[in-house]
Amino acid sequence: MSTPHRRRAPLVAAILSVCAVVAALLTTALSGPASAHGSVVDPASRNYGCWQRWGSDFQNPAMATQDPMCWQAWQADPNAMWNWNGLFREGVAGNHQAAIPDGQLCSAGHTASGRYNALDTVGAWKTSPVTSNFRIKLYDQASHGADYIRVYVSKQGYNASTTPLRWSDLELVGQIGNTPASQWTPESQGVSIQVPANAPGRTGRHVVYTIWQASHLDQSYYLCSDVDFGGGSTTPPSTPPPTTTPPSTPPPSTPNPAGACTATYRITGQWGGGFQAEVQVTNGGSPIRGWSVSWNYANGQQVTSAWNATVSTSGTLVTARNAAYNGTLAAGASTTFGFVGSWSGSNPAPGILSCTTVA
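Residues numbered from 1 in each chain as written. Predicted model: local features only at pLDDT ≥ 70, side-chain atom pairs only at ≥ 80, totals over all residues. Heavy atoms only, no water.

Points about unusual backbone geometry
With an omega of -5°, the peptide bond running from Asp42 to Pro43 counts as cis. By the element assignment, Pro43 lies in the loop between strand E1 (38-42) and helix H2 (46-54). Even without being a glycine, His110 presents a positive backbone phi close to 55°. Mapping His110 onto the fold places it in the loop between helix H6 (96-99) and helix H7 (111-114). His110 gets classed as partly exposed once you look at its relative accessible area, which sits at 35%. Positive phi, close to 55°, is recorded for Ser113, a residue that is not glycine. Looking at the secondary structure, you find Ser113 in helix H7. (Helix = DSSP H or I, 4+ residues; strand = E, 2+ residues; numbered from the N terminus. Buried < 20%, exposed > 50% of the residue type's maximum accessible area, 1.4 Å probe, protein only.)

Quick look at the structure:
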């Protein structure tokens, strides 16, 4: 009678052993990074920012509309966020441009068998506000130190919403040389260091690109951070802003005669039931201190959240008014605002956009 029990004992032990291994792997995959390397944490690199905002809530479907660039990254490979501190290449020998093709800078040239490819996706990544003189904070969890750290910023005129990042889009704006980990600031786990940068003449959205050459071996980290020079966040807020109604007595405005202002509408991303769009407002021949843009949706689309403008809806009519920081435009100057919306059936662009100015 005892023989079957004795025979089952090794099998049970084997099953328990496999379960323990699986549990350990899951714990490693679904927890914060344990003993890897590091990243730029301020302004947050793309995958660190996604992990920071959604790591404890990564299955929340609201991410699709509230943070669509992180959403597509989580869908492509969640491990890119769980391993936010492992975005590096080895053996580059300082020849970074030869190792990483244009359009693949944020994934370090599709490193780690393509784990980080979604970070190259063009779109309205959430931004951090910065000034022309700013600092990046790099966190080194394994206390490797650095042979050097170089900080680049995209040149004025580069459109991060539409153009894959190329080496020719970047300008070196800050760097430090050899700094052993003993000279970095101690953290609860690892060390951190701040690198000053100076990027004059920048306005609006840009990409900060950091190359960290670690000291322990030929290991180079390539980190994209999205920033906004001279303003607040230019991406959807974590919760949609409350819907507002137009004031009962609008400020005096100039109707849209030739040369006053024009507006162009562009869909920058679309997924099942949702989309992201951008409107560019271009001033005419005289300085203005405010603007508004309005259009009608013909297929029931709805704006759910917006940035760089205050958006209100009345039936099919959508009206966007400038934010406090982007209403003043010189002659011929432009600004953009964006939004996330919902759709069903079809999602054509509105036919006519009306642009008015406040002189």
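Here the narrative resumes.
With respect to the nonpolar core
Residues Phe134, Ile149, Leu165 and Tyr209 are the most contacted members of the largest nonpolar core, which totals 58 residues. For Tyr209, the contacting residues outside a window of four places in its chain are Ile100, Leu105, Cys106, Arg150, Val151, Tyr152, Leu165, Trp167, Leu170, Tyr222, Leu223 and Cys224. Of all hydrophobic cores here, the second largest spans 24 residues; its members include Val279, Val303, Trp343 and Cys355. (Core = buried A, V, L, I, M, F, W, Y, C linked by side-chain atoms within 4.5 Å. Contact = heavy atoms within 4.5 Å.)

Details of the environment of Arg89
With respect to the helices, strands and loops of the structure, Arg89 is situated in strand E2 (residues 88-90). Put simply, Arg89 and Gln213 are 124 residues apart on the chain and 9.9 Å apart in space, counted from C-alpha to C-alpha. Apart from residues lying up to four places away in sequence, Arg89 is in contact with Ala99, Ile100, Ala108, Gly109, Thr111, Asp218, Gln219, Ser220 and Tyr222. Within the structure, Arg89 has its side chain in polar contact with the backbone oxygen of Ala108 (distance 3.0 Å). (Polar contact = N/O pair within 3.5 Å; in protein donor to acceptor, adjacent residues only side chain to side chain.)

Observations concerning the packing of aromatic side chains
In total, this model carries 21 aromatic pairs according to the counting rule given. Here Phe88 and Tyr221 contribute two aromatic rings whose centre-to-centre distance is 5.3 Å and whose plane-to-plane angle is 50°, an arrangement assigned as tilted. One end of the pair, Phe88, is in strand E2; the other, Tyr221, is in strand E10 (residues 219-229), with 133 residues separating them in the sequence. We classify Tyr221 as buried; its relative accessible area is 0%. Through pairs of rings, three or more aromatic residues link up here, namely Tyr265, Phe275, Trp291, Trp295, Tyr297, Phe337 and Phe339. In this arrangement the basic side chain of Arg150 is found over the ring face of Tyr148, its NZ or CZ atom lying 4.0 Å from the centre. (Phe/Tyr/Trp six-rings, centres within 6.5 Å; stacked < 30°, edge-to-face > 60°. Lys NZ or Arg CZ within 6 Å of the ring centre and 35° of its normal.)

Digging into helix H4 (residues 68-76)
Along H4, the residues that are buried comprise Pro68, Met69, Cys70, Ala73 and Trp74. In this structure, the buried residues of H4 make contact with H2, helix H3 (63-66), helix H5 (79-82), strand E11 (261-271), strand E12 (274-283) and strand E17 (334-342).

What is shown is where atoms sit, not what they do.
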